[in-house]
Amino acid sequence: MMKMKIFLISICLMAITPISDAITVMSIDLSSEWMKIAIVKPGVPMEIVLNKETKRKTEVAVSMKDGVRLFGSPAVTQGVRFPKSTYFYLTDLLAKKMDNPLVQRYKERFPYYDLVEDPSTGYVQFMHDEEKKIIYSPEELVAMIFNYSRSLAEDFAQQAVDSCMITVPSYFNQAERMMVLYAAKLAGLPGPQLMDDNTASALNYGVFRRNNINATASYVMFYDMGATSTTATIVSYQVVKVNGIADPQLAVKGVGFDRTLGSFDMEFRIREHLVKLFNKNKKTKSDVTKNLRSMAKLLKEAGRLKKVLSANVEHHARVESLIDDEDFHSKVTREEFENLCSDMWPRVAVPIRTALKSAGLTIDMISKVVLVGGGTRVPKVQEILLKETGKESLGKSLNTDEAPALGASYEAAARSNGFRVKTFHIKSGSIYPIDIEFDRTTTLEDGSETTKHVRKTLFQRNNPYPQRKVITFNRFYSDFGFDVNYGDLKFLSEEQSKLFGTKNISSVKLEGVRAAHELYGGNNATESKGVKAHFRMDENGILNLEEVESLYESNTTSAEVDNTTEEDASAFQKTGDEDKKESKEQEKNEEKTTETNDPSSKGEFANEDGKTDTKESDDKNSKESNDKSESEEMKKKETEEAKSTFENTTEEKASNTTKNGTETSKKVKKVKISAPVEKTISRNDFKGHSSDVFDASKEKLNELSATDALKAAREEAMNGLESYIYDKRDKLYQEQYEKALTSTEQEEITKALTEASDWLFDLEGDVAPEVYKEKLKELRQLARPWLLRVKEREEFPSLLKDMETMFNYTTHFVSAIDALPEDDQIYTEVEIKLIKKTLNDTITWKNETLALQNALDPSKENIMKPDDLKSKMGELNREVQYLLNKARTAKPKKKTEETKTNSTKAGADKNANTTDSTIDSEDVKKSSNETKTDEKSETEEEQKQTSEKVLENEKDKPLKEQEEVTKEKENIDEPQLEIPPNEDASKSTPKSTETHETTTNEREMKKEEL
């Protein structure tokens, strides 16, 4: 298991490489019951964040009672006592109106909540305190949870978060996605982005298996049963080439879901069963169903039973003091649990069939079925899945709880600019089709008008995103409008269709079409190319209308010169050809992508709007015109402007050359004109809050955060004061601390600690953190002399041991100096006396001071101070380092006596042999030079050996003994001693000019004394 973890971590490290050391991204897997948080930072690839209880997942719950706000497990615990002030299972209420069946279902499950309607938006809200008129909307509560998530991530990462990826169910529609982003903005999350939770799980699965992905598509089904919903997703894995580079890609092929099938329903059924068991044998007359606290206790026990019965065939339910001090005990079997949920089991396989039908695949084409979500741990669910899929086993290798959070963190790092991530292409799919609807008015030959309602598909079901679409409205010469609605939703069941909400996304009104037509359409040489609306479904799965423009095409005639402008024309022609080539390539790629994702929407739309001819050529031309992206048109505009500028210049030159007899020719060219159209969008599915409402909600959350921060600071200060009191009370009776106390000090400190403890006990109400800190400061000042004496005595043994090591080291070093022959000595007599004097003085000071210290009463102020010991050792260490540095840099001395002896001997030999031979003067000079060179070489070699001898003696046994001692101390890394804190560490290095001058002055003064 450990090897597998190391292997996975190594894969993450290789896949994610940080570019900057100061960037962190996070992901939040927001589900109905639990929330998982993951981060990516330099050195920490895809790590789950632990909460304050050191758990890897946190309950999606927030509790507010008496000014105290709690999150996660503490909130759930408080929710048992105060159910009305604790809120959970909030995601199903986002962007929901009071008449939505999900809201009615929520009210039935939690009857103690007071749900009210927002008068401005119609969305549901919680009446928290009717007397104080405190109301919280679900998005405000989700924003609180987001803010808490960011604080956990930043505490875990020890730095600020730069961007955040939030997972949402793939079945969330446009309004629900926009509400999640609104809550993230309200919480102040940096750079919030959305990602489907099924896509995140598939990405986490594929990242660790990228080596098994090849050019042949393999299909994997992810079955996710959560607390309140179930989703089946079919994903294809395949290696594709993008810009000539082959990388793996996952594409969502089909999705099936049930928004009301989840493990939370199972818990409610178990709770009703426990109520029946309790009523059967109860002794009290009270009705347990009328007691909110008792029902909350039973629901909590039902959740525990569900988990235990997934691994055991039977278990005992236990609830202490359920009602009227009566305990509840009863045995529940797995068989009883499965019978309670018998009507749920036929619904388990429905999402699988829907996903297969949506993807156009059969179950035999699915290579593996991977389980995700806590509900899939129920044995009956796994039994049904095996029977439905016909597989021998189910994939359980994926972490069912953490897979979405880890996959989202990988994508967050990929979208960030601070990490280099191995490319893994993602193609999410939009579950719901989106259509465009408008009315077309046609004037007949007899002058009468007919109106036809036109409906065309903009994004088909499972259309991949992000993607841009351009829709062309032909034969519209006046201002008009259109609606953006959801398409055919017959694939939803009747119940799921009721839960969906409104099917009208937005209404768009266009202004400026008539003005553009009056300006450009009256000219016979100008042809209308329709009104183009540029749509984009972004990475969050949200549809945006980016731009609307009215296009016209005019034919202009320009003069082209054959001779004089040939070079200029060829140069421009070359540039134009390159631009055309690049534009065509881009258009080809764009058309190919559009045809793959949506093969019929654009061409079909253009034909219905204005083209009566249904020939293939017309369809093709219409499609080519409609499929151009905004970037292509901008580039073509720039190209046409450049051409127009050049041709105007060419015309001028042509007119001049014509006068001289040069022939000219006429050329017709097409120029496209774009006129902007103003758009007014009215959202029908999402009633966004006004800026005033947003500011009010933001201020409300900031006040709660400030209250939490003050509470945390108060608790920290109070805990610090309590800890100090208990710690010092305990030390008053410890032997080493008790000896260091005088009777007066003991009485004063004991009295002060008692008074502070009584003050804490009798304290009423909330006190500012500064009050606790001031009390703590007074106690510390009173106990400081006592604690300082003890601390100094604790430091003496280690410092004295270091000093003895220093004495031993210096003594052997001085012995090595004395052992040198007089001719090899590199130190002066004053330097030798100075090191010996310093050593002896330090030893004498240490012995005398230690004797006085040992005779001193422990309660008295210490005579020997740690700073004095460090100062003395530092002084001796500087002298040793000075001499060592001189040995390393000493220059060799010339041996003049030996040279004179050799010269005298050579002169005597010359006088003795005068009668026998005559020596040439040149030979004498040559011999003398050779002699001097040999003597110099010998002198340098001997001096070098002398220096090495000193250093070797200095590095002998005493040094080795010191190194063994210093290895035992963590604060000493070198044979030399630690410099006192108040002195610059560079003073021990002779290379520093300032230190060298200071040491030299001190040594000169000592030399004068000697």
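This is a predicted model, so every value here is computed, not measured. Every chain is numbered independently, its residues counted from 1 as its sequence is written. Owing to the predicted nature of the model, reporting of local features is limited to residues with pLDDT of at least 70; listing and counting of side-chain atom pairs is limited to 80 or more, with chain, interface and lining totals taken over all residues. The basis for the side-chain values is all heavy atoms of the structure; hydrogens and waters are excluded.

Novice: What is the right way to look at the overall build of the protein in this model?
Specialist: Scanning the protein from terminus to terminus reveals 28 helices and 31 strands. Burial classes: relative accessible area under 20% of the type maximum marks a residue as buried, over 50% as exposed, and values in between as partly exposed (1.4 Å probe, protein chains only). Burial statistics for the protein: of 1010 residues in total, 46% are counted as buried. Whether two residues touch is decided by their heavy atoms; if any such pair falls within 4.5 Å, the residues are in contact. Residue pairs at least 24 apart in sequence account for 74% of intrachain contacts in the protein once pairs closer than 6 positions are excluded. As displayed, the protein offers around 52900 Å² of accessible surface, 48% of which is attributable to carbon and sulfur atoms. For helices the rule is a DSSP run of H or I covering at least 4 residues; for strands it is a run of E covering at least 2, with both sets numbered from the N terminus onward. Areas reported here follow the Shrake-Rupley algorithm with a probe of radius 1.4 Å; residue values treat only the protein chains shown as occluding.

Novice: Please clarify how the pattern of salt bridges should be interpreted in this entry.
Specialist: Opposite charge on two side chains permits pairing when their charged atoms draw close. Salt bridges are defined as contacts in which a side-chain nitrogen from Lys or Arg sits within 4 Å of a carboxyl oxygen from Asp or Glu. Throughout the structure, instances matching the rule amount to 40 salt bridges. Among the salt bridges present, the one from Glu388 reaches Arg353, with a minimum N-O distance of 3.2 Å. Placement of Glu388 in helix α11 (residues 379-389) and of Arg353 in helix α10 (residues 350-359) is noted, with a sequence separation of 35 residues between them. Here Glu539 and Arg536 are joined by a salt bridge, their closest N and O atoms 3.2 Å apart. Looking at Glu539, the relative accessible area reads 33%, which means it is partly exposed. What makes Arg536 buried here is its relative accessible area of 18%. A single salt-bridge network, built from bridges that share partners, covers Lys57, Arg377 and Asp401.

Novice: Looking at this structure, I do not really get the confidence of the model for the protein. What am I missing?
Specialist: The predicted coordinates of low-pLDDT regions are not to be read in fine detail. On a scale of 0 to 100, pLDDT captures the predictor's confidence in every residue. With 75% of its residues at a pLDDT of 70 or more, the protein has an overall mean of 79. Segment residues 560-663: pLDDT under 50, and 123 contacts once partners within four positions in sequence are set aside and those in other chains are kept. Across residues 897-901, where pLDDT falls below 50, the model places three contacts with residues more than four positions away in sequence or in other chains.

Novice: Could you clarify how one ought to interpret helix α5 (residues 174-187) in this entry?
Specialist: An α-helix turns once per 3.6 residues; consequently, residues spaced three or four apart project the same way. In this analysis, the expected span of each helix is defined as 1.5 Å times one less than the number of residues it contains. A rise of 1.5 Å per residue sets the reference length of α5, with its 14 residues, at 20 Å; its end C-alpha atoms lie 20 Å apart and thus fit the reference within 8%. Across the 14 residues that make up α5, a large majority, 13, are buried. Of the residues flanking the start of α5, the one acting as N-cap is Asn173, its side-chain oxygen 3.3 Å from the backbone nitrogen of Ala175. Directly beyond the C-terminal end of α5, a positive phi value near 80° is found at Gly188. What qualifies as a polar contact is a pair of N or O atoms within 3.5 Å, subject to a donor-acceptor requirement within protein and to the restriction that residues adjacent in sequence count only when both atoms come from side chains.

Novice: I tried to follow the nonpolar core on my own but got confused; where do I start?
Specialist: Residue types Ala, Val, Leu, Ile, Met, Phe, Trp, Tyr and Cys, when buried and joined through side-chain atoms within 4.5 Å, form a set referred to as a nonpolar core. Ranked by size, the top nonpolar core spans 102 residues in total, and within it Phe146, Phe473, Phe482 and Phe535 carry the most contacts. Beyond its immediate sequence surroundings of up to four residues, Phe535 is in contact with Ile436, Leu458, Gln467, Arg468, Lys469, Ile471, Phe482, Val484, Leu543, Asn544 and Leu545. In terms of nonpolar packing, the next biggest core, distinct from the first, is built from 43 residues, Tyr223, Val288, Phe337 and Val378 among them.

Novice: So what exactly am I meant to see when it comes to the packing of helix α21 (residues 743-761) against helix α22 (residues 769-818) here?
Specialist: When two helices pack together, their arrangement is given by the angle between the helix axes and the distance between those axes. Put simply, α21 and α22 touch, their axes get as near as 11 Å, and they point 160° apart. It follows from the interaxial angle that α21 and α22 lie roughly antiparallel. Considering how the two elements wind past one another, α21 and α22 form a crossing that is left-handed. Contacts between α21 and α22 involve Glu745, Glu748, Ile749, Ala752, Leu753, Ala756, Trp759 and Leu760 on the former and, on the latter, Val771, Tyr772, Lys775, Leu779, Leu782, Ala783, Pro785, Trp786 and Arg789. Here the term charged refers only to Asp, Glu, Lys and Arg, the term nonpolar to Ala, Val, Leu, Ile, Met, Phe, Trp, Tyr, Cys and Pro, and the term polar to all other amino acids, Gly among them. Looking at side-chain class alone, the contact of α21 with α22 contains 13 nonpolar, no polar and four charged residues. For every element, the axis is a line fit to its C-alpha atoms; helices are fit only across the contacting stretch, and the angle between N-to-C directions ranges from 0 to 180 degrees. Oblique is the label for any angle not under 35 degrees, not over 145, and not in the 65 to 115 range, which are roughly parallel, roughly antiparallel and roughly perpendicular in turn. Note on convention: near helix rotated counterclockwise from far helix by under a right angle means a left-handed crossing. Clockwise means right-handed.

Novice: Teacher, can you tell me more about the sheet that holds strand β11 (residues 134-136) here?
Specialist: Pairing between the strands of a sheet is mediated by backbone hydrogen bonds and can be parallel or antiparallel. DSSP-based pairing: two strands are paired if at least 2 bridges between them are found. A sheet is described by the order of its strands in space; here three strands give the open sequence β9-β10-β11, paired in antiparallel fashion. If you trace the sheet from one side to the other, it starts and ends with β9 (115-117) and β11, each paired once. Going from strand to strand, the sheet's axes swing by 45° on average, the running direction of each strand aside. Sheet topology places strand β10 (residues 124-129) next to β11; three bridges connect them, and they run antiparallel. Among the inter-strand pairings, Phe126 is bridged to a residue of β11, identified as Tyr136. Taken strand by strand, helix α4 (residues 138-157) contacts β10 and β11, and its axis lies near 75° from that of β11.

Novice: Is there a simple way to explain helix α8 (residues 292-309) in this structure?
Specialist: Between its first and last C-alpha, α8 extends 26 Å over 18 residues, near the 26 Å set by a 1.5 Å rise per residue. If you follow the buried residues of α8, they end up packed against α2 (73-81), α7 (263-281), β17 (314-323), β18 (326-333) and α9 (334-340). At the N-terminal end of α8, a side-chain oxygen is found 3.0 Å from the backbone nitrogen of Arg293, two or three residues along, and the residue is Asn291.

Novice: How should the side chain of Ser63 be read in this particular structure?
Specialist: By secondary structure assignment, the location of Ser63 is in strand β6 (residues 61-65). Beyond its immediate chain neighbours, meaning those up to four positions away, Ser63 contacts Val68, Arg69, Leu70, Ala75, Gln78, Ser85 and Thr86.

Novice: Just checking my understanding: could you explain the side chain of Thr260 for this structure?
Specialist: Examined against the element boundaries, Thr260 turns out to sit in the loop between β16 (245-258) and α7. Excluding its chain neighbours within four sequence positions, the residues that come into contact with Thr260 are Leu102, Arg105, Thr228, Asp265, Arg347, Glu495, Gln496 and Leu499.

Novice: In this structure, what is going on with the pairing of β6? I would like to understand it.
Specialist: Burial runs high along β6: four of the five residues are buried. Bridge analysis of β6 against strand β8 (residues 86-88) gives three bridges, and the strand direction is antiparallel. Across the sheet, residue Val62 finds its bridge partner in β8, namely Tyr87. As judged from the four bridges shared by β6 and strand β7 (residues 68-71), these two strands associate in the antiparallel manner. Looking across to β7, one finds that Met64 is bridged to Arg69.

Novice: Sorry, what's going on with the sheet that holds β7 here?
Specialist: Taken in spatial order, the three strands of this open sheet run β7-β6-β8, and their pairing is antiparallel. Each end of this open sheet is capped by a strand with a single partner; those strands are β7 and β8. When the angles between neighbouring strand axes are averaged without regard to direction, this sheet yields 15°. Set on the sheet, α4 makes contact with β6, β7 and β8; between it and β6 the angle comes to about 105°.

Novice: Looking at this structure, how should I read the packing of α22 against helix α23 (residues 829-854)?
Specialist: Running from amino to carboxyl end, α22 crosses α23 at an angle of 155°, the nearest separation of the two axes being 11 Å. Our classification of the angle between α22 and α23 gives roughly antiparallel. For α22 against α23, the interelement crossing comes out left-handed. When α22 is examined against α23, the residues Arg793, Phe796, Leu800, Met803, Glu804, Phe807, Thr810, Thr811, Val814, Ile817 and Asp818 are found in contact with a partner set consisting of Ile832, Ile835, Lys836, Leu839, Thr842, Ile843, Trp845, Lys846, Leu850 and Gln853. The class makeup of the residues in the contact of α22 with α23 is twelve nonpolar, four polar and five charged.

Novice: Help me understand the pairing of strand β22 (residues 434-443), please; the structure alone is not making it clear to me.
Specialist: Working note: regular strand, side chains alternate between the two faces of the sheet. With ten bridges connecting them, β22 and strand β23 (residues 449-459) associate as antiparallel partners. From the neighbouring strand, Thr441 faces β23, where its bridge partner is Thr451. Hairpin connection between β22 and β23: a loop of five residues separates the two successive antiparallel strands, and Gly447 in this loop has a positive phi of roughly 95°. Where β22 and strand β26 (residues 481-486) come together, four bridges link them in antiparallel fashion. Directly across from Glu437, in β26, lies its bridge partner Asp483.

Novice: In this structure, what is going on with a negative patch on the surface? I would like to understand it.
Specialist: A patch consists of residues exposed above 30% relative accessible area that lack any salt bridge, with like charges linked at up to 9 Å and nonpolar side chains (Val, Leu, Ile, Met, Phe, Trp, Tyr) linked at up to 5 Å. Neither His nor the chain ends is counted toward charge; the positive residues are Lys and Arg and the negative residues Asp and Glu. Working definition for charges: the position is that of NZ of Lys, CZ of Arg, CG of Asp or CD of Glu. Negative charge collects at one region of the surface, where Glu320, Asp324, Asp325 and Asp327 lie side by side. Mapped onto the elements of the fold, Asp324 is located in the loop between β17 and β18. Its relative accessible area of 48% is what places Asp324 among the partly exposed residues.

Novice: What exactly am I supposed to notice about the environment of Thr451 here?
Specialist: If you trace the backbone, Thr451 turns up in strand β23. Residue classification places Thr451 among the exposed positions, given a relative accessible area of 56%. Here the alpha-carbon distance between Thr451 and Thr441, two residues ten residues apart in the chain, equals 4.3 Å. Those residues in contact with Thr451 that lie beyond four places of it in its chain are Asp439, Arg440 and Thr441.

Novice: Help me understand the environment of Arg269 in this model?
Specialist: Within the fold, Arg269 resides in helix α7. C-alpha of Arg269 to C-alpha of Cys341: the two residues are 72 residues apart in sequence and 7.1 Å apart in space. Not counting chain neighbours up to four residues away, the residues in contact with Arg269 comprise Leu340, Cys341, Asp343 and Met344.

Novice: What is the right way to look at unusual backbone geometry in this model?
Specialist: With the exception of glycine, most residues fall at negative phi, and the peptide bonds are largely trans. Between Tyr465 and Pro466 the backbone carries a cis peptide bond, its omega angle lying at 5°. Phi is positive for Asn462, close to 65°, though the residue is something other than glycine. As for its position among the elements, Asn462 is in the loop between β23 and β24 (463-465).

Novice: What's the story with the environment of Phe813 in this structure? I'm lost.
Specialist: Position of Phe813 among the secondary structure elements: in helix α22. Taking the C-alpha atoms as reference points, Phe813 and Ile835, 22 residues apart in sequence, are found 9.9 Å from one another.

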